[in-house]
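Chain by chain, the residues run as shown.
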2 protein chains.
Amino acid sequence: MSLIVQKFGGTSVGNVARIQQVAEKVARFRREGHGIVVVVSAMSGETNRLIALAHELQSQPLPREMDVLVSTGEQVTTALLSMALTELGVKAKSYTGTQVRILTDDAHTKARIRDIDDQRLHADLDAGYVVVVAGFQGVDDNGNITTLGRGGSDTTAVALAAALKADECQIYTDVDGVYTTDPRMVDGARRLERVTFEEMLEMASMGSKVLQIRAVEFAGKYNVPLRVLHSFEDGPGTLITLEDTQQMETPTIAGIAFNRDEAKLTMLGVPDTPGMASRILGPVGEANIEVDVIVQNVAADNSTDFTFTVGRADLSRAREILQAVADELNAREIRADSRIAKVSVVGVGMRSHAGVASRMFSALAEVGINIQMITTSEIKISVIIEEKYLELAVRSLHSTFGLDKEPTDESVA
Amino acid sequence: MSLIVQKFGGTSVGNVARIQQVAEKVARFRREGHGIVVVVSAMSGETNRLIALAHELQSQPLPREMDVLVSTGEQVTTALLSMALTELGVKAKSYTGTQVRILTDDAHTKARIRDIDDQRLHADLDAGYVVVVAGFQGVDDNGNITTLGRGGSDTTAVALAAALKADECQIYTDVDGVYTTDPRMVDGARRLERVTFEEMLEMASMGSKVLQIRAVEFAGKYNVPLRVLHSFEDGPGTLITLEDTQQMETPTIAGIAFNRDEAKLTMLGVPDTPGMASRILGPVGEANIEVDVIVQNVAADNSTDFTFTVGRADLSRAREILQAVADELNAREIRADSRIAKVSVVGVGMRSHAGVASRMFSALAEVGINIQMITTSEIKISVIIEEKYLELAVRSLHSTFGLDKEPTDESVA
């Protein structure tokens, strides 16, 4: 008898048949005696249909009205799922963000949750209802409808789980858990029984797009146990929790993440004077171009080379901006390269096991891969390599860190 | 400078191009300096699409969830029209029924409006906004979304006009006003400059389906001047107002209404004892079959004949019920006839001009039409005739009462 928040995305509720399947899954949990809150997205395609209507009317649709428009998508799903549950003999009731009420700031189309009124939900849960809540939406102080931005349904689920002090927040998706790396690239890729919030964040930001980063941050902040599961297959999924001290004793690399959506820009012959980095990156940031890896080596001969990566889509724009800066600074040359990939080893165990970096670098050297850039964080080491070596690098690292083998008993929950 | 409530139905906002046309019409009124509240329906087809989804899940969908589901249709239109208005340089803001708030009882799918909070609307109108309100929906005391039933958007518009003390409530439709009879049947049919609420009610219930009966009743009760206009053509439309004493002096027949959706049932040889009518009609009413005209003539030989009309779709069901009753009562025979039509002369002038009935009957006799049944109300005389004579009857009466001629100056506004 526990309280569970379950979130189903747009594909999981994409048509009536799927909504019925979701209802059957929810009903099974309910019949086991659990209290259930379900958070749903719009049926797949619906949000895009509504956005297209808006763009027929305005090139930049009014944010307030955009929220009024797209929030109907989730509302439709809540009603249909409540009907499907009732048809299975399970009492159910739908809620919009306004009705719950999920109070947000007034930043339309990208609002942030401030507070959740759990009173009505608790009353319905106590009365035996499955409560079905529209994801992605809330209401501001003045009663205006707001939305949390794309993928915000995950955030809704985690925020509800935190407010209701739920025992678990289950995110149902089209994968059966978090893997040690992409199974499409490495045959031996293995589902993790559990992973820490920090590892999940590093995995997610590296392109293992299972969960919204914001939702993971939120879950970590409020210590909500999060579980990733498959919508239509049975299985335990992957549990995402706070760091587990028991596991700290074993060498723990959670997985190998990678990303081939970046491009590299280098400014050669930059004068080695204070403030140079901000003079180079300032104009790039002002143009709303996100910079990921930044590397600057020690200077020689009063000049240095400055390298950073941006999303591939931003490369030409970033290059133009950089050329103007280079002219001002009398830098020697700009070089751009989009045929790169980033590979990262992620794991909380890294903190106490200094040997991870050297094992990683020697594994890459053994298969003849040259490392172009290196960057590290507390629980991650990333390298930039030539794109064509990406698969080789991922496979080699996956096997080097023993990720294709089942972990020993102590290291799993 | 007046305050106008304008209502546009589903066909008028059926696609983006039409929403833009509606926006242009609204913008013209706004630029003339009027305060404008617009009430919109769902884009045509949308409500049916949503209802079909519900019926895929439940044969009798949960009323509460049905309201959550279908109310999204109007919400979408409010957002899109607000965008279209803004694009024309007219400030606009959308409102759901919950946001206004349009307080109703909790009778889901057929709720009745109890109260409207006009505070937020007045604030926005004062600030120069066109306020766009979702028709057809409200909210109950507990924050649940309710709907007013099909066609409820007319009622929303009238209720808002009453609450805001608007100068006029304009209902935009696919006709340019209320006619003396159906123009498709009589070439000389003429648009009425004005008509009274009572006449409009009788015309509407007879099948001149321009406005929802409930909305007309509501407008009459709160004395809201109602105007029927064409959505995409310019013109003065027809004004629907309280009885105008000035017009009382002229012989005023507003129009000829008709209906061919009824069928006739007669029970022959019914014992002439008290309580017989309720023993016959009781079971019919219990089966939710609506009865329109009822005629019972004086008895002869201790038995009488009892005749009434029902909707054609209900004929076979009503006949079965009636057969059981006839067996119980030892009535002689049941006769059913669906090849009938009802023709009515409607007008407030009838009250003070007793000659209307005889003019009507003799006009029908002149063209050889036999009258099967007669029923009268304060401002209406209806006859049931054989269906094949319907056109002849309508044309003959239209000309008999001079409806194809422009009224004299005194009789128009």
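Residues numbered from 1 in each chain as written. Chains lettered and ligands numbered in written order. Predicted model: local features only at pLDDT ≥ 70, side-chain atom pairs only at ≥ 80, totals over all residues. Heavy atoms only, no water.

- Looking at an unreviewed UniProt entry, one finds chain A named Aspartokinase, with Kineobactrum salinum as its source organism.
- Entered under Sequence similarities (unreviewed entry) in the UniProt record, the comment concerning chain A runs "Belongs to the aspartokinase family." (UniProt positions renumbered as here; feature names shortened; annotations may be inferred.)

**Thoughts on the pairing of strand 3 (residues 92-95) of chain A**
Residue and element names in this part refer to chain A.
Next, step 1: Burial along strand 3 is two-sided: A92 and S94 facing one way and K93 and Y95 facing the other are all buried.
Next, step 2: Judged from the four bridges that link them, strand 3 and strand 6 (residues 130-134) form a sheet pairing that is parallel. Opposite A92, over in strand 6, you have V130 as the bridge partner. (Buried < 20%, exposed > 50% of the residue type's maximum accessible area, 1.4 Å probe, protein only. Helix = DSSP H or I, 4+ residues; strand = E, 2+ residues; numbered from the N terminus. Pairing = 2+ DSSP bridges.)

**Section: the environment of B:L229**
Residue and element names in this part refer to chain B.
Next, step 1: Mapped onto the elements of the fold, L229 is located in strand 11 (residues 226-230).
Next, step 2: A relative accessible area of 8% means that L229 is categorised as buried.
Next, step 3: For the pair formed by L229 and A84, sequence separation is 145 residues and the distance between their alpha carbons is 21 Å.
Next, step 4: Excluding anything up to four places from it in sequence, L229 contacts Q170, I171, Y172, T173, V175, D176, G235, P236 and G237. (Contact = heavy atoms within 4.5 Å.)

**Quick word on the packing of aromatic side chains**
Next, step 1: Counting across every chain of the model gives six aromatic pairs over all chains.
Next, step 2: Relative to A:F308, the ring of A:F306 lies with its centre 6.2 Å away and its plane at 65 degrees, an arrangement referred to as edge-to-face.
Next, step 3: When its relative accessible area of 1% is taken as the criterion, A:F308 is described as buried.
Next, step 4: Ring centres of B:F8 and B:Y172 lie 4.5 Å apart, and the angle between their planes is 10 degrees; this geometry places the pair in the stacked category. With a gap of 164 residues between them, B:F8 in strand 1 (residues 3-8) and B:Y172 in strand 9 (residues 168-173) connect regions that are remote in the sequence.
Next, step 5: You can call B:F8 buried: its relative accessible area is 0%.
Next, step 6: One cation-aromatic arrangement involves A:K93 over A:Y129; the distance from NZ or CZ to the ring centre is 5.0 Å.
Next, step 7: The ring of B:Y129 carries the charged tip of B:K91 above its face, separated from the ring centre by 4.6 Å. (Phe/Tyr/Trp six-rings, centres within 6.5 Å; stacked < 30°, edge-to-face > 60°. Lys NZ or Arg CZ within 6 Å of the ring centre and 35° of its normal.)

**Notes on the pattern of salt bridges**
Residue and element names in this part refer to chain B.
Next, step 1: One pass over the full model with this rule turns up 40 salt bridges over all chains.
Next, step 2: With a closest N to O distance of 2.2 Å, K342 and D292 form a salt bridge. One end of the pair, K342, is in strand 18 (residues 340-346); the other, D292, is in strand 15 (residues 291-296), and 50 residues separate them in sequence.
Next, step 3: Note on K342: relative accessible area 4%, which makes it buried. (Salt bridge = Lys/Arg side-chain N within 4 Å of Asp/Glu carboxyl O.)

**Observations regarding the UniProt feature "binding site: ATP" (unreviewed entry) in chain A**
All names here are of chain A.
Next, step 1: Per the UniProt annotation, the sites labelled "binding site: ATP" (unreviewed entry) are K7, F8, G9, G10, T173, D174, Y179, R184, K209 and V210.
Next, step 2: Inspection of the secondary structure assignment puts K7 in strand 1 (residues 3-8).
Next, step 3: For K7, a relative accessible area of 9% gives the class buried.
Next, step 4: Contact partners of K7, with chain neighbours within four places excluded, come to V39, S41, S153, D154, A157, Q170, I171 and Y172.

**What about the interface of chain A and chain B?**
Next, step 1: At the interface, 40 residues of chain A touch 40 residues of chain B.
Next, step 2: Across the chain A-chain B interface, the total number found is two salt bridges.
Next, step 3: Here B:E46 makes a salt bridge to A:R49, at a shortest N to O gap of 3.8 Å.
Next, step 4: Linking chain A to chain B there are 16 residue pairs in polar contact (both at pLDDT 80 or more).
Next, step 5: If you list the elements that add at least two residues to the side of chain A that touches chain B, you get helix 1 (16-31), helix 2 (46-57), helix 3 (63-87) and strand 3 of chain A.
Next, step 6: The biggest single contributor to the side of chain A that touches chain B is helix 3 of chain A, with 17 residues. (Polar contact = N/O pair within 3.5 Å; in protein donor to acceptor, adjacent residues only side chain to side chain.)

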